[in-house]
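# Coordinate analysis (summary)
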Amino acid sequence: MSGTSSLHWLIGRLDLSSLPILPALANPTPSEIVAAVAALMVILGGLGVAVLITWRGWWTSLWRDWLTSTDHKRIGIMYIVLALVMMVRGVLEGVVMRAQQAAGLDGGFLSDGHFAELFSTHGTIMIFFVAMPFIAGLINYVMPLQIGARDVSFPMLNQVSLALTAIGAALVMISLVLGKFSTGGWPAYPPYTGIAFNPGEGPDYWIWSVAIAGLGSTLSGLNFVVTIFKERAPGMKLFDMPLFTWTVLCTAIIMVFAMPPLTVATLTLALDRYLDFHFYTNDLGGNMMNYVNLFWLFGHPEVYLLILPAFGIFSEVISTFSGKCLYGYKSLVYATMVISVLSFTVWLHHFFTMGQSAHVNAAFGVASMFIAVPTGVKVYDWMATMFRGRIRLTVPMIYATGFLTLFVIGGLTGVMLANPTISYQVHNTLFLVAHFHNVIIPGVLFGLLAGYHYWFPKAFGFRLNERWGAISALFWITGFAFTFFPLYVLGLMGMPRRSASYVDPSFEPLTWVAMFGAALIFCALATLLIQLRVSIRDRAQTQVPLGDPWDGRTLEWSIPSPPPEYNFAIVPRVVGRDAFAEAKERGQGYPKPAGYEDIEMPRNTMLGMVVLIGGTALGLALVWYIWWLAVLSLVVMIGAFIAKSFVPEPHRIIPATEVAAAHEAWLAAIAKASPVTRAQETSAENRGLAALEMPEGAA
Amino acid sequence: MKYGWLWLLALFVTAAAVFSPGASFAWPESSSFFTPQGPIAQAEKDHFLQTAAITMIAVLPVLLLVPLILWRYRYGNRKASYRPKWEFSGPLDLLMWGVPIAIVAILSVELWQETVSLDPYRPLPSEKAPLEIQVVGLDWKWLFIYPEQGIASVGEMGFPADRPVKLSLTSDTVMQSFMIGALAGQIYVMPGMQTQLQLMADAPGLFEGENTQFNGAGFPMQRFRAVAQTDEGFANWVAEVKAQGVPLDPQTYGKLAVSSTPAEVHRTLASPQMPADAVWFSPVAPDLFERVLRRYHQGSALEPGGQPGSFLHDPDTLSQSLPETTQ
Amino acid sequence: MSKHDTIHPGLNLGEHHGAAHDKAEIGAFGFWIFLMSDLIIFGLMFALYVTMQNPMGQAGGPGPKELFDLTSALIQTMLLLVSSLSFGLASLALRHHRSRAELTFWLALTLLLGLAFLSFEARDFAAMFAADAGPSRSGFLSAFFGLVPLHGLHVASGCLWLLIMLIQIRTLGLSDLVKSRLLKLGLFWHFLDIVWIGIFSIVYLGGLA
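Criteria and cut-off values
- Residues numbered from 1 in each chain as written.
- Chains lettered and ligands numbered in written order.
- Predicted model: local features only at pLDDT ≥ 70, side-chain atom pairs only at ≥ 80, totals over all residues.
- Heavy atoms only, no water.
- Helix = DSSP H or I, 4+ residues; strand = E, 2+ residues; numbered from the N terminus.
- Buried < 20%, exposed > 50% of the residue type's maximum accessible area, 1.4 Å probe, protein only.
- Contact = heavy atoms within 4.5 Å.
- Lys, Arg positive; Asp, Glu negative; His and termini not counted.
- Charge placed at Lys NZ, Arg CZ, Asp CG, Glu CD.
- Pairing = 2+ DSSP bridges.
- Axes fitted to C-alpha atoms, helices over the stretch in contact; angles between N-to-C directions.
- Salt bridge = Lys/Arg side-chain N within 4 Å of Asp/Glu carboxyl O.
- Polar contact = N/O pair within 3.5 Å; in protein donor to acceptor, adjacent residues only side chain to side chain.
- Parallel < 35°, antiparallel > 145°, perpendicular 65-115°, else oblique.
- Left-handed = near helix turned anticlockwise from the far one by under 90°.
- Nonpolar A, V, L, I, M, F, W, Y, C, P; charged D, E, K, R; others polar.
- Buried area = accessible area lost by both parts, 1.4 Å probe.
- Core = buried A, V, L, I, M, F, W, Y, C linked by side-chain atoms within 4.5 Å.
- Domains from an automatic or database assignment.
- 1 Å grid on protein atoms, 1.4 Å probe; cavity = no way out; pocket = protein on both sides within 12 Å on 5 of 7 lines; lining within 4 Å.
- Points joined across faces, edges and corners; volume = space filled by probe spheres on them.
- pLDDT = per-residue confidence, 0-100.
- Phe/Tyr/Trp six-rings, centres within 6.5 Å; stacked < 30°, edge-to-face > 60°.
- Lys NZ or Arg CZ within 6 Å of the ring centre and 35° of its normal.

### With respect to the overall build of chain C
- When helices and strands are counted, chain C shows 7 helices and 0 strands.
- The order of α-helices and β-strands along chain C, N terminus first, is α-α-α-α-α-α-α.
- Along the longest, intermediate and shortest principal axes, the C-alpha atoms of chain C span 65 × 30 × 25 Å.
- Put simply, chain C has 209 residues, and 55% of those count as buried.
- Expressed as a percentage of contacts within chain C between residues at least 6 apart in sequence, the contacts between residues at least 24 apart total 78%.
- Charge separation in chain C, taken as the distance between the mean sites of 12 positive and 13 negative side-chain charges, equals 8 Å.

### Let's talk about the side chain of Ser423(A)
- Along the polypeptide, Ser423(A) turns up in helix H15 (residues 420–426).
- You can call Ser423(A) buried: its relative accessible area is 2%.
- Excluding its chain neighbours within four sequence positions, the residues that come into contact with Ser423(A) are Phe352(A), Thr353(A), Leu417(A) and Gln186(B).

### Here we look at the sheet that holds strand S12 (residues 279–284) of chain B
Residues and elements named next belong to chain B.
- Here 7 strands make up an open sheet; going across it, the order is S8-S5-S1-S2-S3-S12-S11 and the pairing mixed. A single partner strand is all that each edge strand has here, and the edge strands are strand S8 (195–199) and strand S11 (246–248). Strand-to-strand twist of the sheet, defined as the mean angle between neighbouring strand axes without regard to direction, takes the value 30 degrees.
- Sheet analysis places strand S5 (residues 165–171) next to S8, joined by 5 bridges and oriented antiparallel. Within the sheet, the bridge partner assigned to Leu167 lies in S8 and is Leu197.
- Seen against the sheet, helix H4 (residues 231–244) touches strand S1 (131–138), strand S2 (141–146), strand S3 (151–154), S11 and S12 and runs at an angle of roughly 80 degrees to S12.
- Packed on one face of the sheet, helix H6 (residues 262–269) meets S2, S11 and S12 and runs near 60 degrees to S12.

### With respect to the side chain of Lys45(B)
Residues and elements named next belong to chain B.
- Considering the arrangement of structural elements, one finds Lys45 in helix H2 (residues 39–72).
- The side chain of Lys45 is buried and forms no salt bridge, while Asp46, the nearest opposite charge, is found at 6.2 Å.
- A distance of 3.2 Å separates a polar side-chain atom of Lys45 from the backbone oxygen of Phe34.
- Residues in contact with Lys45, not counting those within four places in the same chain, are Phe33, Phe34 and Pro36.

### Focus: the pattern of salt bridges
- As enumerated under the stated definition, the model contains 26 salt bridges over all chains in all.
- We note a salt bridge from Asp578(A) to Arg553(A), for which the minimum N-O separation is 3.1 Å. In this pair, Asp578(A) is assigned in the loop between helix H18 (508–537) and helix H19 (579–585) and Arg553(A) in the loop between H18 and H19, connecting sequence segments 25 residues apart. Taken as a pair, Asp578(A) and Arg553(A) share a single burial class, namely buried.
- Here Glu156(B) makes a salt bridge to Arg225(B), at a shortest N to O gap of 3.5 Å. Of this pair, Glu156(B) sits in strand S4 (residues 156–160) while Arg225(B) sits in strand S10 (residues 223–229), and the two are 69 residues apart along the sequence.
- According to the relative accessible area criterion, Glu156(B) is buried, its value standing at 8%.
- Of the residues examined, Arg225(B) reaches a relative accessible area of 27% and is grouped as partly exposed.
- Sharing partners across several salt bridges, the network here consists of Arg13(A), Asp204(A) and Arg273(A).

### Describing the sheet that holds S4(B)
All names here are of chain B.
- A sheet is described by the order of its strands in space; here 5 strands give the open sequence S4-S10-S9-S6-S7, paired in mixed fashion. If you trace the sheet from one side to the other, it starts and ends with S4 and strand S7 (184–189), each paired once. In this sheet, neighbouring strand axes are inclined to one another by 20 degrees on average, regardless of whether the strands run parallel or antiparallel.
- Examined bridge by bridge, S4 and S10 share 5 bridges and lie parallel to one another. Among the inter-strand pairings, Phe159 is bridged to a residue of S10, identified as Ala228.

### Considerations on the packing of helix H11 (residues 329–342) of chain A against helix H13 (residues 372–386) of chain A
All names here are of chain A.
- At their nearest, the axes of H11 and H13 sit 9 Å apart, and the two run at 155 degrees to each other. One finds that H11 runs roughly antiparallel with respect to H13. The hand of the H11/H13 crossing is left-handed. Seen from H11, the contacting residues are Ser331, Leu332, Ala335, Thr336, Val338 and Ile339; seen from H13, they are Pro374, Thr375, Val377, Lys378, Asp381 and Trp382.
- Within the contact of H11 with H13, the residues separate by chemical class into 7 nonpolar, 3 polar and 2 charged.

### A short note on the interface of chain A and chain B
- Contact with chain A, which involves 113 residues of that partner, is made by 108 residues of chain B.
- Carbon and sulfur atoms supply 71% of the area that chain A and chain B bury against each other, a total of about 10000 Å² over both sides.
- When the area that chain A buries against chain B is broken down by residue, the three leading residues are Arg388(A), Arg390(A) and Gln425(A), summing to 8%.
- Counting the contacts that link chain A with chain B gives 3 salt bridges.
- Glu585(A) is the partner of Lys85(B) in a salt bridge, and the nearest nitrogen-oxygen pair spans 2.8 Å.
- Inspection of the chain A/chain B interface yields 33 residue pairs in polar contact (both at pLDDT 80 or more).
- Ranked by the residues each element gives to the side of chain A that touches chain B, the list is headed by helix H17 (residues 466–492) of chain A, at 11 residues.
- Of the residues assigned to the side of chain A that touches chain B, the class counts are 64 nonpolar, 31 polar and 18 charged.

### What to know about unusual backbone geometry
- Put simply, Pro190(A) and Pro191(A) share a cis peptide bond, and its omega is 0 degrees.
- Relative to the elements of secondary structure, Pro191(A) occurs in the loop between helix H7 (155–177) and helix H8 (202–230).
- Following Ser561(A), the chain continues into Pro562(A) via a peptide bond in cis, with omega recorded as -15 degrees.
- Position of Pro562(A) among the secondary structure elements: in the loop between H18 and H19.
- In the Ramachandran plot, Asp551(A) falls in the positive-phi region, its phi being about 55 degrees despite a non-glycine side chain.
- By secondary structure assignment, the location of Asp551(A) is in the loop between H18 and H19.
- The phi dihedral of Ala59(C) is positive, around 50 degrees, even though this residue is not glycine.
- The residue Ala59(C) is located in the loop between helix H2 (55–58) and helix H3 (64–67) in this model.
- The buried category is assigned to Ala59(C), whose relative accessible area is 10%.

### Quick look at the nonpolar core
- Ranked by size, the top nonpolar core spans 292 residues in total, and within it Trp382(A), Trp476(A), Phe144(C) and Tyr204(C) carry the most contacts.
- Counting residues per element, this core draws most heavily on helix H10 (residues 288–321) of chain A, which supplies 19 residues.
- Among the domains, domain 1 (29–117) and domain 2 (131–321) of chain B are the pair contributing at least three residues each to this core.
- Excluding residues that lie within four positions of it along the chain, Tyr204(C) makes contacts with Phe68(C), Leu70(C), Ala73(C), Phe144(C), Val148(C), Trp196(C) and Ile199(C).
- Counting residues in each nonpolar core, the second largest holds 58 residues, with Leu199(B), Ala226(B), Ala257(B) and Leu322(B) among its members.

### Focus on empty space enclosed by the protein
- The tally for this structure, following the rule as stated, stands at 11 cavities of 30 Å³ or more.
- In this structure, the second largest cavity encloses a volume near 230 Å³.
- Looking at the second largest cavity, it is lined by 17 residues, and the ones nearest its centre are Gly323(A), Asp551(A), Arg553(A), Glu693(A) and Tyr82(B).
- Across the lining of the second largest cavity, the residue classes tally to 7 nonpolar, 2 polar and 8 charged.

### Topic: the confidence of the model for chain C
- Mean pLDDT for chain C: 91, with 90% of residues reaching 70 or above.
- Across residues 1–10 of chain C, confidence stays below pLDDT 50; counting only partners more than four residues off in sequence or on other chains, it has 30 contacts.

### Description of the packing of aromatic side chains
- Scanning all chains against the criterion turns up 84 aromatic pairs over all chains.
- Measuring from ring centre to ring centre gives 5.4 Å for Phe311(A) and Trp382(A), while their planes differ by 65 degrees; the resulting arrangement is edge-to-face. With Phe311(A) in helix H10 and Trp382(A) in helix H13, the pair connects residues that are 71 residues apart, well separated along the chain.
- When the centroid spacing of 5.1 Å and the interplanar angle of 85 degrees are considered together, the rings of Phe144(C) and Phe145(C) count as edge-to-face.
- With relative accessibility at 0%, the residue Phe144(C) sits in the buried group.
- Through a chain of ring-to-ring contacts, three or more aromatic side chains come together here, namely Phe128(A), Phe129(A), Trp186(A), Tyr189(A), Trp206(A), Phe277(A), Phe279(A), Tyr280(A), Tyr291(A), Phe295(A), Trp296(A) and Phe298(A).
- We note Arg13(A) situated over the ring of Tyr625(A); from NZ or CZ to the ring centre the distance is 3.8 Å.
- Directly above the aromatic system of Tyr296(B) lies the positively charged group of Arg295(B), at a separation of 5.2 Å from the ring centroid.

So, in structure tokens, the structure goes:
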């Protein structure tokens, strides 16, 4: 600490020892070297991207078309890019942790503190900066298209939400280069994360990255709820909405109500750490159990917040690639609602072992178990959707079937963990780690990847490479199984989670199996990136400008790929469910509009960038006690919002002639194109116009 | 379709990954409830297997039918029927909702009964009076105080087999979680608060005890031997601890509470007669457990040095900050 | 529809007002959701307060009976209630096309009452700090200073917002935008009133009962 340094007013508690590269030079242990390499990767990665952008002359376009854009589609893509970048780090951390435990019998190669940092950042990153932005990205891209809207209700707020999420991610990345991240795990229980036990910057990094990103999620949720309620195309009733949109509605409501507990938990912990409050301290009447309750009051709904949109994606994917309407649409909707409500009533099952009365435990246990009912119904509904269909095993469908088979095993262990008596034994062990990875990887991640493959051609106008996609999916499935099934067994054997090392030699063989699985997951990530590269290279053969490569059922497939900025040249009038599929059947998939109107779209704004820069500065200032910078950045941000409010509604008009020209050209291309059957789905002939295929004898 | 065979291969590999580790594995006898050594762990294992079996009723159809449906209704199979508009069937829906509800209802009844009967606070049925042990969680070791015997131990918890043991637990640092898997489940320990755990061993034996809640660098080392003995053996053990133990006064407690592993404590405090990784104490300052609990309720801030586990911890401040004995 | 038909977005607009109505309604709906989310935060701070308002949470330090000045709390309640009334009168002035001066008067009065509330509150806090009863004294006081000043912070931002609106009424005129902002500010202000009733009942009356 440089508490007495003369520069303290200027740089707070930052000093040279905050740079991890220096300790690595002074004391080159494996642990320090890993830390230094990670820091270098961040620095070089950042520099590399900057150089590339400069070399290609992309700065103007980056600024004008992306960073200042309020287009929900571009914001969605930026979210997903952020998620993929963070996923690379998260997966690498997971691999390093598996390696450490495989070598952990004799202590391994990482220091205990470094291992603790790894599991803390891994959890924080994967939840807040991979799963959340990936979901927010897909929702942003797809939901307005599915409901026939031109944008979300509050485009500028949408941009600010992205900025807030990016600030959190930036702080976590910066913690690799400046100082250390928390060692308190992703829930950061006090008193361990209190100032008495952890006076360093680590827990502060956690607090501010999560608090700021959480605020972004709250605002995103608000935006999505309003969009779904207020921006649906005329004629679209709630029960006409695609299932993905339904799950988004439920998720968004959960965001609005479940993020505030996280805000309260993080900010009260910050008050304890910064201003000597005593919410959770050991002495003076603090009560750490309040934190545990608050955190899981957020944390449990969060799990459903993550998985419901994935359920929505699977519903779309399974229905589309089975060539059928969804079985039990209403069942699925009600099941989604039941899950959303129940998700707020089960938080206590994360701490059955805290010593409360047996009856309290039992009540929460029963509630937790009942969530299995609607979840199980959904699985059966998807199977019934595949039943008597015409299933094409494309990449999204591989993910979907991998999900169905693996997820039920996670459901099985979930039912077990809902029993307090069983939880007494397997809580805090690797069994629990295996369980939540078993629901989050096959459930959430596979869903997101299925969605990524499914909607990629919509966003970019060309399909992703099937072969590499299938290879990657199979690596994910097998890698998951090899990594996490052994952890179930290790947990039953009594190995606690978060152990950097262990003394029982009987744990060792299975940690090696898990290490092998982690290597497969690494291959899965690598092939996923290779697929992206290959797909971009070969994009000439996979163009789908006509917009409907999968014989889609919902409105997003009824427009060109990539869609124009205003999405719909004419806002569609919707009758019934699966609107586009029904229209195609009637031969009215591509109607010629009677006329066109001027379209009003929001202008670009710099507000998001002001928030991004100001908020990152604020976060760093708070972490490092640089008070002048904290005040300055806060004043700048508030000032920017106030100044913005003095500028009357920033809109621009896209003239009807321009809209008409683009739309007519697209309709003409469709009229000329020959539709393809599903047998040609993955071939170069598929340019995005689907042939009608009805059952033999029915057409 | 092209990659269908790959998918099946993956399914096969996955199945192998599920079943191989469990089957080929030699379970350690001493640390898991899968090799239970007492009635509580036995009941927990039974409940675990029972729940798994009943839930399989809902899970197995998925595992079997998904590959079948995938194969039967593949795009290329023109012989299979195709009903693109089929979206609802009353009886099927009844089955889909009914079976899971029935399963969960049955499991809920089980859950309620088991949770109440295995409540860690509930005294175990036995003619013998339980042995009382007070447990203090420190960084990174457990201190066992035997109030009736006037002794204490670190790294080793001796107790008689076939007699209930009633543990009262607290922490003098951050939150931890106490578990002897082969005997009973875990319970959190928190500073200034007391939790309880009841357990019993069927027969003499050695069991692994641990902390499962991460609490810093020495966390993986926070382990101890739980030694179930015959009544006679336990009496001998107590006598030996009394004979060999070093006094546990506030000064010694201050040194003990420094963040250190059991092995380090052994090096600093133990005499050569004590077993490896363990330290025995006798006599023990009266009311030590209550005083540790009361430290956090004195109505004034704990001096920074008086907080074990904190960066400013200082053994002398701690020993002075232990409240006066009530006697 | 001409702009002048827009009397008070959200209060008395109908379908026939077209886009202005829709936009105001979307904004107001969004703002309601924001308030609900904010209400969860207050609800949790209340929950923390209630769990810590006991001898263990007070940790030997002063409790409600030693600390709270009911007279001052009552004055604050009255100030806030009257400020809600004056905001209501501002809304009516807006709705019924009364003069801009009248609207400005009621808004300015609301602002003054809000500031008066804040000064009384600040005085109370200062007295508590002087009596060595700041948030560092106990968990109970931490919860108190987590809850009541949080409301105060909301009132302060409401005052800032009022000030900005007073300026915007002059610079931007009574445009649809300004009107719909006034509507949202009104929601916010009345919401704070309701939260204060909770604080007055649970913290002050409950603590002194």
